[in-house]
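Spelled out from the first residue to the last, the chains are:
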Amino acid sequence: PPQHAHTHTRTRLFLRAWPFHSNAILNDLKHPNEWVRGCTLRFLCKLNEPEILEPLVPAIKGNLEDRTPFVRRNAVLCVYSIFRQYPDLIPDAPADVEAFLKAEADTSSRRNAFMMLFQCDLERAVNYLVENEEQAQKFGDSFQLVTLELVRKVCRLNPQRKSAFSLLVYNMLSSKSPAVVYEAAWTLVSLTGAIAAVRAAASAYTQLLTSSSSDNNIKLIVLGRLGALRERHMKVMQDLTMDLLRALATPNADIRAKVLEIAMTLLAPKNIEEVVLALKKELNK
């Protein structure tokens, strides 16, 4: 695009002058200022010239052990970028990143490392997850979202592994993050059709409906999920009809209309009296 023409020109000139600047880049990768090191690593993530990246690999890997989280998380991204494009330049990257992940404490750095393993060495990522299943609740929101994505991918490739991950996903339903709860509920239902699991997922969805931290778009998506559950698990949803009706407290008319639409399809002798009383209260309001 025209607005990027000057940037592209500068990049081309830089690449032509690379032999004269290699020492400068190496010095920046070892610079005492962590901001310089981190920004240099981010810059190198955008390069796709193997002859430029090859001599820098040792210095890049050295930054995986830097004392500053900002540098480490960008070093992992840089290793990931190089390995994805030119695995021959850094063939031991998965093993290095796995070791890094096991020793790392920074949440963002660990998330980046796990994402690299997820994309480049799925079996290593699965092994790490299995070994650290009990710590999954402490992984952090972004890490947990990647974990759930990995679980879905692994179970699509090998459905026999579904039971191995059900408890891990179930525990994530108690997360404080609405995004994690939503993804965990969706993942759990895709893993198993057990009544207890479906009820737990549906309950998590209804909690999102009444949560003040969920915006209207999320609530409409959740209602779509609940509608899908109703088609396959009517009895479970009937038991949660009153929980669903609590979402009538929202001021959004579209959400209230959708809640009523789903609730009217869940009517049964065991819940009809409670539903009528709830609707009368809403009318009085």
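For the structure itself, consult the block above.
About the criteria used
- Residues numbered from 1 in each chain as written.
- Predicted model: local features only at pLDDT ≥ 70, side-chain atom pairs only at ≥ 80, totals over all residues.
- Heavy atoms only, no water.
- Helix = DSSP H or I, 4+ residues; strand = E, 2+ residues; numbered from the N terminus.
- Buried < 20%, exposed > 50% of the residue type's maximum accessible area, 1.4 Å probe, protein only.
- Contact = heavy atoms within 4.5 Å.
- Areas by Shrake-Rupley, 256 points an atom, 1.4 Å probe, with all protein chains shown as cover.
- Lys, Arg positive; Asp, Glu negative; His and termini not counted.
- Charge placed at Lys NZ, Arg CZ, Asp CG, Glu CD.
- Patch = residues over 30% accessible without salt bridge, like charges linked within 9 Å, V, L, I, M, F, W, Y side chains within 5 Å.
- Salt bridge = Lys/Arg side-chain N within 4 Å of Asp/Glu carboxyl O.
- Phe/Tyr/Trp six-rings, centres within 6.5 Å; stacked < 30°, edge-to-face > 60°.
- Lys NZ or Arg CZ within 6 Å of the ring centre and 35° of its normal.
- Axes fitted to C-alpha atoms, helices over the stretch in contact; angles between N-to-C directions.
- Parallel < 35°, antiparallel > 145°, perpendicular 65-115°, else oblique.
- Left-handed = near helix turned anticlockwise from the far one by under 90°.
- Nonpolar A, V, L, I, M, F, W, Y, C, P; charged D, E, K, R; others polar.
- Core = buried A, V, L, I, M, F, W, Y, C linked by side-chain atoms within 4.5 Å.

Asker: Looking at this structure, I do not really get the overall build of the protein chain. What am I missing?
Answerer: Scanning the protein chain for helices and strands turns up 18 helices and 0 strands. Taking the principal axes of the C-alpha coordinates as reference, the protein chain spans close to 80 × 45 × 30 Å. Burial analysis of the protein chain (285 residues in total) assigns 44% to the buried set. For the protein chain, contacts bridging at least 24 residues in sequence account for 61% of all contacts bridging at least 6. Carbon together with sulfur atoms contributes 53% to the accessible area of the protein chain, which is approximately 15,300 Å² in total. One way to put it: in the protein chain the 36 positive side-chain charges average out to a point 5 Å from where the 30 negative ones average out.

Asker: When you look at a nonpolar patch on the surface in this model, what are you seeing that I'm missing?
Answerer: A cluster of nonpolar side chains, contributed by L260, M264, L267, I272 and V276, occupies part of the molecular surface with about 340 Å² of accessible area. Those elements that provide at least two residues to the nonpolar patch are helix 17 (253–264) and helix 18 (272–284). By the element assignment, L267 lies in the loop between helix 17 and helix 18.

Asker: How do you make sense of the packing of aromatic side chains when you look at a structure like this?
Answerer: The description of two aromatic rings rests on the distance between their centres and on the angle between their planes. Scanning the model with the defined rule gives 6 aromatic pairs in all. One Lys or Arg, R84, reaches over the ring of Y80 and ends 4.9 Å from the middle of that ring.

Asker: What is the right way to read the packing of helix 6 (residues 69–85) against helix 7 (residues 93–103) from this model?
Answerer: When two helices pack together, their arrangement is given by the angle between their axes and by how far apart the axes lie. Orientation of helix 6 relative to helix 7, taken along the N-to-C sense of each, is 160°, at an axis distance of 10 Å. By the criterion of interaxial angle, the relationship of helix 6 to helix 7 is roughly antiparallel. Every pair of crossing elements has a handedness; the one defined by helix 6 and helix 7 is left-handed. For the pair helix 6 and helix 7, contact is made by R72, V76, V79 and F83 and by A93, P94, V97 and F100, respectively. In terms of residue class, the contact of helix 6 with helix 7 is made up of 7 nonpolar, no polar and 1 charged.

Asker: Looking at this structure, I do not really get the packing of helix 12 (residues 178–191) against helix 14 (residues 216–232). What am I missing?
Answerer: Where helix 12 contacts helix 14, the two axes come as close as 12 Å, and the packing angle between them is 20°. Classified by the angle between their axes, helix 12 and helix 14 sit roughly parallel to one another. Both helix 12 and helix 14 take part in a crossing whose hand is left-handed. Judged by residue contacts, Y182, W186 and V189 of helix 12 engage I221, V222, R225, L229 and R232 from helix 14.

Asker: I tried to follow the nonpolar core on my own but got confused; where do I start?
Answerer: Across soluble globular proteins, nonpolar side chains show a tendency to be buried alongside one another. One finds L44, I60, F165, L226 and L244 to be the most contacted residues of the largest nonpolar core, which totals 86 residues. Discounting chain neighbours no more than four positions away, the residues touching L226 are A202, Y205, T206, L209, M237 and L244.

Asker: How do you make sense of the side chain of T147 when you look at a structure like this?
Answerer: Within the secondary structure, T147 sits in helix 10 (residues 141–157). Given a relative accessible area of 0%, T147 falls into the buried group. Discounting residues that sit within four places of it in the chain, T147 has contacts with F114, L129, F139, L168 and M172.

Asker: Teacher, can you tell me more about the pattern of salt bridges here?
Answerer: Between side chains of opposite charge, a pair can form as their charged atoms come close. Scanning the model with the defined rule gives 14 salt bridges in all. Between D92 and K61 there is a salt bridge, and its shortest N-O distance comes to 3.0 Å. Here the residue D92 occupies a position in the loop between helix 6 and helix 7, and K61 occupies one in helix 5 (residues 57–62), the gap between them amounting to 31 residues. For E183, the salt bridge goes to R152, with nearest N and O atoms at 3.2 Å. Taken together, the positions of E183 in helix 12 and R152 in helix 10 put the pair 31 residues apart, joining distant regions of the chain. By relative accessible area, which is 19% here, E183 ends up buried. One salt-bridge network, in which partners are shared between bridges, spans E98, K102, D121 and R124.

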